[in-house]
Amino acid sequence: MVSPGNEPWPVRVRAEHGEVLGAGMALDDRHVLTCAHVVGAGGETGFPSAEPAWAVLVDLIGQPGGRTVPARVVPGCWWPPTSDGRDDIALLELAEPAPQGPFAPLRRLRGTWDRRVVMYGFPETLEHGVYVEARLTGRSGAGRERVQMLSATTGPQVSPGFSGSAAVDAQTGHVVGMVVSTYRDGGRNPAVAGATDPGSGLSWMIPVETILGRLPRLRAQVPGESSVDPRFRSTEDTPANPRVLRQLADFFGRLASDNVLVIVIDHHESDVAAAVRQAAVLSSRELRPSIDPDEFPDAPPIGSIDLAVDATDRSTKDVSRRIADWAGEADAASTAPGDDRAAETTPRSIIINNIDEAAEPETLLSEVVLPLVDQASTRDLRMLLTFRGESIPLRTTLLASRVASLHAVEEAARRAYRRAAALVADVPRLQPRATELRIQLTKLRAATATTTDTLAALLASTEQATDRALGAAESLRREIVAREDLWSELHGRLGAYRAKAVQHRLAEDRALGTSYRRAHDLLLTAPCDLVVAEAAVRQYTEAVSHRADERRGGDGS
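A brief report on the enclosed structure follows. (Residues numbered from 1 in each chain as written. Predicted model: local features only at pLDDT ≥ 70, side-chain atom pairs only at ≥ 80, totals over all residues. Heavy atoms only, no water.)

## Here we look at unusual backbone geometry
Here is step 1 of the chain: The omega torsion across Ala526 and Pro527 is -5°, close enough to zero to call that bond cis.
Here is step 2 of the chain: Looking at the element boundaries, Pro527 is found in the loop between α11 (510-524) and α12 (530-555).
Here is step 3 of the chain: In this structure, Arg254 takes a positive phi of about 60° despite not being glycine.
Here is step 4 of the chain: In this fold, Arg254 is placed in the loop between α3 (242-252) and β13 (260-264). (Helix = DSSP H or I, 4+ residues; strand = E, 2+ residues; numbered from the N terminus.)

## Comments concerning the packing of aromatic side chains
Here is step 1 of the chain: Applying the stated criterion to the full structure yields 4 aromatic pairs.
Here is step 2 of the chain: Pairing Tyr120 with Phe122 gives two aromatic rings, centres 5.5 Å apart and planes at 80°, and the pair type is edge-to-face.
Here is step 3 of the chain: Taking 4.5 Å as the distance between ring centres and 45° as the angle between the ring planes, the aromatic pair formed by Tyr120 and Tyr131 counts as tilted. Here Tyr131 lies in strand β8 (residues 130-140) and Tyr120 lies in strand β7 (residues 116-121), a separation of 11 residues in the sequence.
Here is step 4 of the chain: Taken together, the aromatic side chains of Tyr120, Phe122 and Tyr131 make up a single cluster linked through ring pairs.
Here is step 5 of the chain: Between Arg498 and the ring centre of Tyr516, over which it is positioned, the NZ or CZ distance is 4.8 Å. (Phe/Tyr/Trp six-rings, centres within 6.5 Å; stacked < 30°, edge-to-face > 60°. Lys NZ or Arg CZ within 6 Å of the ring centre and 35° of its normal.)

## Side note on the pairing of strand β5 (residues 68-79)
Here is step 1 of the chain: Strand direction decides the pairing type here: strand β4 (residues 56-59) and β5, joined by 4 bridges, are antiparallel. Across the sheet, the residue bridging to Val56 is Ala71, located in β5.
Here is step 2 of the chain: Pairing between β5 and strand β6 (residues 89-94): 5 bridges, direction antiparallel. By the bridge assignment, Arg72 is partnered in β6 with Glu93. (Pairing = 2+ DSSP bridges.)

## Regarding the pattern of salt bridges
Here is step 1 of the chain: Per the stated rule, a full pass over the model turns up 31 salt bridges.
Here is step 2 of the chain: Of the charged contacts in the structure, one is a salt bridge between Arg12 and Asp59, with a shortest N-O distance of 2.9 Å. Separated by 47 residues along the polypeptide, Arg12 in strand β1 (residues 10-14) and Asp59 in strand β4 bring together distant segments of the chain.
Here is step 3 of the chain: Here Glu484 makes a salt bridge to Arg419, at a shortest N to O gap of 3.3 Å. Of the two residues, Glu484 sits in helix α10 (residues 452-503) while Arg419 sits in helix α8 (residues 392-421), which places them 65 residues apart along the sequence.
Here is step 4 of the chain: What you see here is one network of salt bridges that share partners, running through Asp229, Arg314, Asp318 and Arg322. (Salt bridge = Lys/Arg side-chain N within 4 Å of Asp/Glu carboxyl O.)

What follows is the structure in structure tokens.
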């Protein structure tokens, strides 16, 4: 690693006649990664669908002496932008090697929300480059292949001339993506040519996983494993079960309320097993074929499955390490059961496949699976747990943990109800299910004489009922807490605007006084009608703001 601001891998890409086209990053002493549209802009003809014949100039600005070297597209490494805005990747080969590294440290992206990245680009009026900082805000674009970035709407921001530049994780120094486009405020703003021109602050990057999917030759240069275990990439041609594939698409697409889904696969070549494998592969930016996103309408959204682990013949330590490595080597120790940081680094969506085929199924369940399951409803995790056989003892243990979690969530919902009902009206009441499901669990444990098929069916239905009850209870708890929080926020806002009225010498204003008393009485008279109270508070705050603006204007300030 190198200190921030001293990276030697950024390059500037120019046309043969000298015009700055964009940026790029040196991956080794002979290869540079950039956007296809950057290279395409250097030709005299329209944008090519085939690999361009012309060369571009690469300024090795991060290298001693800053040499300029001609470069051409590597055969088979040209992915021009599609009509719907996917791809746009090109790998260039330098005519002579760069003198030294280190080179761009590509890493797969682990989570996106609110991650800070730094980019170095070459806008028109600053051709020697400028740094810009932005936050990652989530998947975006056609097929959800890109990641949206947001920078400040004043000061330096991503603009034309940044395409092809590395998006560097500010915390680790790793390159997690490549800048591909910027938003020009719907055409109302001119192209952002200077580093201080205001704009929307919106831009997009292509994450490293998508780049590896288009340029698999680069995988050897990227430490760590794909988010999908190799065993999911089966060559079996068994058609996927369409009902299960649709179920998985809804589950990981968060159209279903369940947090934990249990599926029995039966055997490796079954259509259910094929559906699980296909869902994992098609959700991966790195492994999904370069196809129209509409070609597989029942596939989970791209990037919706963080990690797919196959537990077959693996030790508990190995599976735990695999989950830890997903968060990066630096965080590997923090995923131990009971560690407070485990919740921060755990995937938000995961497949653990063939739990009963693991080397230590009971230990895997107790030390890895159950701690994650216990977080599922409160952290809104999505967990697909598959078993090769009915595995009734293992699944009963898992069910017992889920019923205990339901009891805890219902207790939290009851406490929230008692607090909120003392303040606000129409607080929804919980319809408890934990006791009923605990009785059902007791019957399951006692039904040893029952035929396997009957017991398995009863277990499956109880699993589904428990997951639905957990989702409903957690959703209700959040709704109740949100109502209490809204009451507190309205109370605080009313007090703040009362202070503002006093500050602007409006305390004696009769109309404002009447408006304040009405909002105050509505809030403090229990049970409070939040809809009516919120409207009254809004009316008062808007009136104070308007009168304060008039007062400032009248004072000439």
